[in-house]
Amino acid sequence: MNDERLQPQLRIDHTAIAANTRLLHSRTKAALMAVVKADAFGHGAVETARTVVAHGATQLGVTTLAEALELRGSGVRAPILSWLNAPDTDFSPAVDARVDLAVPSTEHLRAASAGARKAARTARIHLHMDVGMARDGAAPHQWPDLCTRAAALEAAGTVKVTGLMGHLGCADRPEDPHNRAGRDAFAQAGRVARQAGLRPAHHHLAATSALLNDPSSHHDLVRVGAGLYGIAPASAGLRFAATLTAPVVSVRDVPANTAVGYAHTWTTHRPTRLALLPIGYADGLPRATSHQAHVLVRGRPRTVAGMFSMDQIVIDVGDDPIAPGEPVTILGPGDHGEPTPADWAGWAQTIPHELLTALGTSRRIIRRHLTHPVPPAPARLLCTSLENTT
Ligand SMILES: *Cc1c(COP(=O)(O)O)cnc(C)c1O
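Please read these numbers as outputs of a predicted model, since none were measured by experiment.

Undergrad: What should I look at first to understand empty space enclosed by the protein in this one?
TA: In this approach, a probe sized like a water molecule rolls over the atoms, and the result shows the empty space that is left. Under the counting rule described, the total for this entry stands at one cavity of 30 Å³ or more. Of the volumes computed, that of the largest cavity is approximately 30 Å³. If you trace the largest cavity, you find it lined by H128, M129, D130, V131, M133, R135, D136, G137, G166 and H167. Split by residue class, the lining of the largest cavity holds three nonpolar, four polar and three charged.

Undergrad: Please clarify how the site of the ligand should be interpreted in this entry.
TA: Residues in close proximity to the ligand include V35, K37, F41, W83, R135, H167, A207, T208, R223, V224, G225 and A226, which together make up its full environment. Contact distances for the ligand include 2.8 Å between an oxygen atom and a side-chain N or O atom of K37. The side chain of R223 places a nitrogen or oxygen atom 2.8 Å from a nitrogen atom of the ligand. Across the complex, the protein chains shield 89% of the 380 Å² of accessible surface that the ligand would expose by itself. Because more than half of its atoms lie within 2 Å of the grid, the ligand is assigned to the largest pocket. Within the residue set of the shell around the ligand, elements represented by two or more residues are α2 (37-42) and β9 (221-224). A class-by-class count of the residues in the shell around the ligand yields six nonpolar, three polar and three charged.

Undergrad: Is there a simple way to think about the layout of surface pockets in this case?
TA: Computed from the structure, the largest pocket encloses a volume of approximately 1,000 Å³. Around the largest pocket sit 42 residues that line it, and A207, T208, S209, A226 and H353 are the ones nearest its centre. Counting only elements with at least two residues in the lining of the largest pocket, the list comes to α2, α9 (208-213), α10 (341-348) and α11 (352-361). For the lining of the largest pocket, the leading source of residues is α9, giving five residues.

Undergrad: Just to check I follow, could you spell out the environment of D100 for this structure?
TA: Along the chain, D100 turns up in strand β5 (residues 99-103). When the C-alpha positions of D100 and L65 are compared, they lie 9.6 Å apart, and in sequence the two are 35 residues distant. Residues within four places of D100 in sequence aside, it is in contact with P79, I80, L81, S82, R124, H126 and T162. A polar atom in the side chain of D100 sits 3.4 Å from the side chain of H126.

Undergrad: I would appreciate a short explanation of the packing of aromatic side chains in the present structure.
TA: Pairs of aromatic rings are described using the distance from one ring centre to the other and the angle between the two planes. The tally for this structure, following the rule as stated, stands at three aromatic pairs. Ring geometry for F41 against Y229: centres 4.7 Å apart, planes inclined by 25°, an arrangement best described as stacked. Of this pair, F41 sits in helix α2 while Y229 sits in the loop between β9 and β10 (242-247), and the two are 188 residues apart along the sequence. Between W344 and W347 the ring centres are 5.2 Å apart and the planes differ by 70°, which places this aromatic pair in the edge-to-face class. Residue W344 and its partner W347 are located together in helix α10, separated by three residues, close to a single helical turn. Each member of the pair W344 and W347 is classed as buried.

Undergrad: What is the right way to read the packing of helix α7 (residues 143-156) against helix α8 (residues 177-195) from this model?
TA: Pairs of packed helices are described in terms of their axes, by the angle between the two and the distance that separates them. Here α7 crosses α8 at 35°, and the two axes come no closer than 9 Å. The handedness of the crossing between α7 and α8 is right-handed. From α7, W143, P144 and C147 reach across to α8, where they touch A189, V192 and A193. Of the residues assigned to the contact of α7 with α8, the class counts are six nonpolar, no polar and no charged.

Undergrad: Explanation requested: the confidence of the model for the chain in the structure shown.
TA: Interpreting fine coordinate detail is not advised for predicted regions of low pLDDT. On average, residues of the chain score 95 in pLDDT, and 96% of them are at 70 or above. Confidence drops under a pLDDT of 50 for residues 381-390, and excluding neighbours within four residues, the segment shows 13 contacts in the predicted structure.

Undergrad: Help me out: how do you make sense of unusual backbone geometry in this one?
TA: Most peptide bonds take the trans configuration, and most residues that are not glycine carry a negative phi. For A134, which is not glycine, the phi dihedral falls at a positive 55°. The exposure class of A134 is exposed, given its relative accessible area of 70%. Positive phi is not limited to glycine here, since A263 has a value of about 65°. When its relative accessible area of 70% is taken as the criterion, A263 is described as exposed.

Undergrad: Help me understand the side chain of Q7 in this model?
TA: Assignment of secondary structure puts Q7 in the segment before β1 (9-13). Looking at Q7, its side chain comes within polar contact range of the main-chain oxygen of R364, at 2.8 Å.

Undergrad: Please clarify how the side chain of T208 should be interpreted in this entry.
TA: With respect to the helices and strands, T208 occurs in helix α9. A relative accessible area of 7% means that T208 is categorised as buried. Excluding residues that lie within four positions of it along the chain, T208 makes contacts with R223, V224, G225, A226, G227 and I231.

Undergrad: Which parts of the structure should I look at to understand the pattern of salt bridges?
TA: Should their charged atoms come close, side chains of opposite charge can pair. Taken as a whole and judged by the stated rule, the model has 18 salt bridges. Across the salt bridge formed by D184 and R180, the nearest N and O atoms sit 4.0 Å from each other. Here D184 and its partner R180 are both found in helix α8, four residues apart, which amounts to about one turn of the helix. Close ionic contact of R364 with D283 constitutes a salt bridge, the shortest N to O distance being 3.0 Å. Separated by 81 residues along the polypeptide, R364 in the loop between α11 and β19 (366-370) and D283 in the loop between β14 (272-277) and β15 (294-297) bring together distant segments of the chain. Take D283: its relative accessible area is 1%, and that puts it in the buried class. One network of salt bridges, with partners in common, ties together D13, R239 and D335.

Rules and cut-offs
Residues numbered from 1 in each chain as written. Predicted model: local features only at pLDDT ≥ 70, side-chain atom pairs only at ≥ 80, totals over all residues. Heavy atoms only, no water. 1 Å grid on protein atoms, 1.4 Å probe; cavity = no way out; pocket = protein on both sides within 12 Å on 5 of 7 lines; lining within 4 Å. Points joined across faces, edges and corners; volume = space filled by probe spheres on them. Nonpolar A, V, L, I, M, F, W, Y, C, P; charged D, E, K, R; others polar. Near = heavy atom within 4 Å. Polar contact = N/O pair within 3.5 Å; in protein donor to acceptor, adjacent residues only side chain to side chain. Areas by Shrake-Rupley, 256 points an atom, 1.4 Å probe, with all protein chains shown as cover. Sits in = over half its atoms within 2 Å of the grid points. Helix = DSSP H or I, 4+ residues; strand = E, 2+ residues; numbered from the N terminus. Contact = heavy atoms within 4.5 Å. Phe/Tyr/Trp six-rings, centres within 6.5 Å; stacked < 30°, edge-to-face > 60°. Buried < 20%, exposed > 50% of the residue type's maximum accessible area, 1.4 Å probe, protein only. Axes fitted to C-alpha atoms, helices over the stretch in contact; angles between N-to-C directions. Left-handed = near helix turned anticlockwise from the far one by under 90°. pLDDT = per-residue confidence, 0-100. Salt bridge = Lys/Arg side-chain N within 4 Å of Asp/Glu carboxyl O.

So, in structure tokens, the structure goes:
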């Protein structure tokens, strides 16, 4: 058993996810598919799915079938689209669970149709066209054939083509000419599908960036992930939902010129107090931020001293009379001056998506779901309970 008092906490503010969902929805006439892949970007897929559906999302999007089936198993009833599966997957459990399937190839189409026959139910599919990423959709030269075959299977009753989808690779740079090329390729894909006799209910191309930047990409459905969790330019008015805190494990007072951590890359320049936190790069804090990162201690930014260890970091807290058990805020929405996931991503030269999904996979971080905003870390919150039991 883990000692919970010594575990970092990732608190998820569902009022923020709800507000983000509503704000994103207000920016488009299209319906919203909420993307909850990778355990909702580390925020918890089942809990997030419930919140977004209650606040205007009408569909859910995930990568794998396992993710889709987990949601179904938890009682989520909204349409769910799964878009990355092997071409020879047995799709019958998915069809049986009414999971919609992205179909990027004739092999996937055959497998979806076979799954439908086995499940004795029509497979709902979204034909997936590559509009310029060379990643997971059908190549343009394969598209007409894919549409023709899908129309034949639709006539035979094994599949229903519910949607056409594409994905833009450069939508975070609105001026990039690849966006227009992608939109044009998607429009052309729609014409080819129509000529093949398909009449899909949904056309979807835009994700968060295109939703915010490019109304001409919206069609009737947008797939938003990042924005739900507050990952977007600050001007969008979205809010980060995750707050990460860790309790101080121990403190030590040290003189000036004390070398801290592996390889002695950092040295105190005055007598100071060091606080040890039970979280490290194995929990998803990027080691590349050593010597740049700061955290919030008693409302003030404090430097992370030296290299990050796998399971621990050391904070230089100056003359703060901080005690074991006291929570330190590592990141949050920024309300109280704490660094945000965007700050951390900047230090690590990555994107907040990578940071948040990594934190979400740590089995040592306790995740808590709140239906109110996260209050500032109270000083000595956990201290009493530590003292009472030791
Ligand atoms: C991740 C993903 C999305 C969501 O993109 P965001 O930028 O996070 O909104 C949409 N569609 C596909 C195919 C994706 O892989």
